[in-house]
Amino acid sequence: MSDRSKWAGVLAIVCLGLFTYWTSLKSAFFSWDDLDLVVHNKQVHQLDLANLHAYFSSTFLGNYQPLTMMAYGLEWLIGKGDPWPFHLASILLHVSCAIVVFRLTDEITKERWIALSTALLFVASPVQVESVSWISEQKTVLSGLFYFMAMFQYLRYLKSGSNSNYLMVLTFFVLGILSKATAVMLPVSLLGLVLLSGNKDDIARRWRGLALLVFVAIVFGVLAIWAQSHDGYLRTDRLGAPLIERCVLAVYALVQYAVRMVIPIHLSALYPIPENLLWYHFAVAFASVLCVLLFLWWPASERRKRIGLLLLFVGPLLPLVQLIPFGEALTADRYAYVACFPVFLLMSQLLFRAYARFQYATTITITTGCVILSLYAYGARRRTLLWNDELAMFKNIVERYPDSDIAQFNLATTCFHADLLPEARTHFSLATQLDDNYVQAWLGLGAVNADLHQCNLAIGDFSKVISIAPEHTNIYAAYYHRALCYMDQGKPGLGLADLREAIRYQRDFAPAHYELAQDLAKVGDYRNAIGEYSLALAYGYDQQACRLNRAISFGWLGNNASAINDLNSVIKMDPSNATGWFLRGVAKSRYGADGCSDLKQAELLGYPQAGQAISELCQGTSTQ
């Protein structure tokens, strides 16, 4: 391919990618994982050495992804919390992946139009929208870029035998894993490239090259499984299912992926795992195995390359088809990101061969390709708009899967964040009816009932969580919110007991320390209240609230010096805080200092009791 043709192809990819996904820039953060992973994650909000260490030493929602967390930190720094840098980065990463796919396909096939067609299908496919438009899945496109770059360098290594090319493969492989653990399947894809390349020389060198990569994959694969288990995403309860059923489910999932890649209609952000396997699951699995055997067997001259294509398709998907059970979805569009490549390559090859014997074959082929691309791009833009509206997205899921507890739960959560409390309660209730042991749904239902001032119902919901899952990861939240309900009902004894339980389960849960301090102060236990305010402050709770209320407790104990010190910080943080000026004025007066200027400032800021305090402490001097 000439340099001019390459640059023309790159330009076409960039234009189609930007046209398809540009509306993503208008999207907000999505309420699903975006809130926990980015919006409420303080480790993302500041890119410093401590947080960089945390990226490499911690798991995030069941994933070990330090490079992705670094990218989030940089994007947060650029946008100051605005979502557009996240979306822009995902779009640019996706377009970059398509460009590498273009070069990779050209290296494999040496056919310009097939390479361009494969890359354009890749960049415009509606199946890719979830990975590009959802901020939480930036790990998929980032890892995908390193994955494809490793494949490209491996092709170079197969041809040159250069150690520098192999070192690049290893480097990109590790970077891909550090972005998303599913990149551990790269050795399977590289074996597919070996078969697809058609070059049979020096097989021993290729196997030696793959051996080190397999070792790295095993190490990081074990780490990935541990991360899923550690954060509660590994469903060990499904490991007891018969192996034949899990294999049938896996084959059925692979068929679903292949069909959606070719005919991307009826896509969803969620495809629930069927509760029971029915006859058609077995029928589809059996028929698909026969079709694959036929695909590989005939014609014999193409068998090696077709096995290579199959490995390129199956490899990236193999850990994601519930053979290792995790999560609540049978399939997900985001998991198909890398696996789309061999499907689009095969589609392009078939397209350019289908009309080879016809007159005007090139014109017919290009026209057909443009029609397919137009349909893909139109479908992707529509799906991108749907991802821009999370409420519409989850309503769409529930319409498709009304009997899915997780679909009902996600819609309920979205309604809750949109302050649509009655709708949220309806869908949380439906989720609990579908699964009586759905802890998160009971927690959500309790939170909604508490916000609707239905404390008796909320207490029942939180008590349900405590009874069915006393060791759940989020059990502290049930105790904490039940404590708030008890306090609202005038039952401080029960409330204090629950707050202490919340802290026992989650020592660094700052809101519980703060509420405990508030309640201790109400009953006159100021000394212990000061200790809890200090802990809330240390664990990152609102500094003004902690220092202001701790100053009040210091004041009740007669420790005016410490009270003044806290109030100095409050006023420095917010010079318009009338309460801070008033309290500091009183504390200074009690401490034997001149607090009149502070009291006058409080009066100017509208504090209601300031005038009376001035009359009592400042010989009646007033600014009014």
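Coordinates for the structure precede this section.
Residue positions are given per chain, counted from 1 along the sequence in the order it is written. Reporting of local features is limited, given that this is a predicted model, to residues whose pLDDT is at least 70; pairs of side-chain atoms are given and counted only at 80 or more, and all residues count toward the totals for whole chains, interfaces and linings. To get the side-chain values, all heavy atoms of the structure are used, and hydrogens and water are removed first.

Tell me about the environment of Arg507, and name the residues and values.
Its location among the elements puts Arg507 in the loop between helix H24 (492-505) and helix H25 (510-522). For the pair Arg507 and Tyr539, spaced 32 residues apart in sequence, the C-alpha to C-alpha distance is 9.3 Å. What Arg507 contacts, discounting residues up to four positions off in sequence, is His513, Leu535 and Tyr539. Only DSSP runs of H or I with at least four residues qualify as helices, and only runs of E with at least two residues qualify as strands; both kinds are numbered from the N terminus onward. For this analysis, residues touch if any pair of their heavy atoms sits within 4.5 Å.

Help me get a handle on empty space enclosed by the protein, residues and values and all.
If a probe the size of a water molecule is rolled over the atoms, the empty space left behind becomes visible. Lining residues are those with an atom within 4 Å of a point, where the points come from a 1 Å grid over the protein atoms alone and group into cavities, where a 1.4 Å probe fits but cannot get out, or pockets, open sets with protein on both sides within 12 Å along at least five of seven lines. Grid points are joined across faces, edges and corners, and a volume is the space filled by probe spheres set on the points. One pass over the structure, following the stated rule, counts 2 cavities of 30 Å³ or more. Taken as a whole, the largest cavity spans an internal volume of roughly 130 Å³. Lining the largest cavity are 13 residues, and of these Lys180, Thr182, Pro316, Tyr335 and Val338 lie nearest its centre. Here the element with the most residues in the lining of the largest cavity is helix H9 (residues 138-160); it accounts for 4 residues.

Before we move on, can you summarise the packing of aromatic side chains with the specific residues and values?
The criterion for an aromatic pair is that two Phe, Tyr or Trp rings (for Trp, the six-membered ring) have centres within 6.5 Å, with stacked assigned to planes under 30 degrees apart, edge-to-face to planes over 60 apart and tilted to the rest. Taken as a whole and assessed by the stated rule, the structure comprises 23 aromatic pairs. Each ring, one from Tyr476 and one from Phe509, has its centre 4.8 Å from the other, and the planes form 70 degrees; the classification is edge-to-face. In this pair, Tyr476 is assigned in helix H23 (residues 475-488) and Phe509 in the loop between H24 and H25, connecting sequence segments 33 residues apart. Across the pair, exposure class does not vary: Tyr476 and Phe509 are buried alike. Aromatic pair Tyr526 and Trp556: ring centres 5.7 Å apart, planes at 5 degrees, arrangement stacked. Here Trp556 lies in helix H27 (residues 543-556) and Tyr526 lies in helix H26 (residues 526-538), a separation of 30 residues in the sequence. Assessed through its relative accessible area of 59%, Trp556 is described here as exposed. Clustering of aromatic rings is evident, with ring pairs tying together Phe122, Tyr147, Phe148, Tyr337 and Phe341. A cation over an aromatic ring shows up here: Arg260 above the ring of Tyr257, its NZ or CZ 5.7 Å from the ring centre. Partly exposed describes any residue whose relative accessible area lies between the buried limit of under 20% and the exposed limit of over 50%, with all areas from a 1.4 Å probe on protein chains only and scaled to the type maximum. Lysine NZ or arginine CZ positioned within 6 Å of the ring centre and within 35 degrees of the ring normal marks a charge as sitting over the ring.

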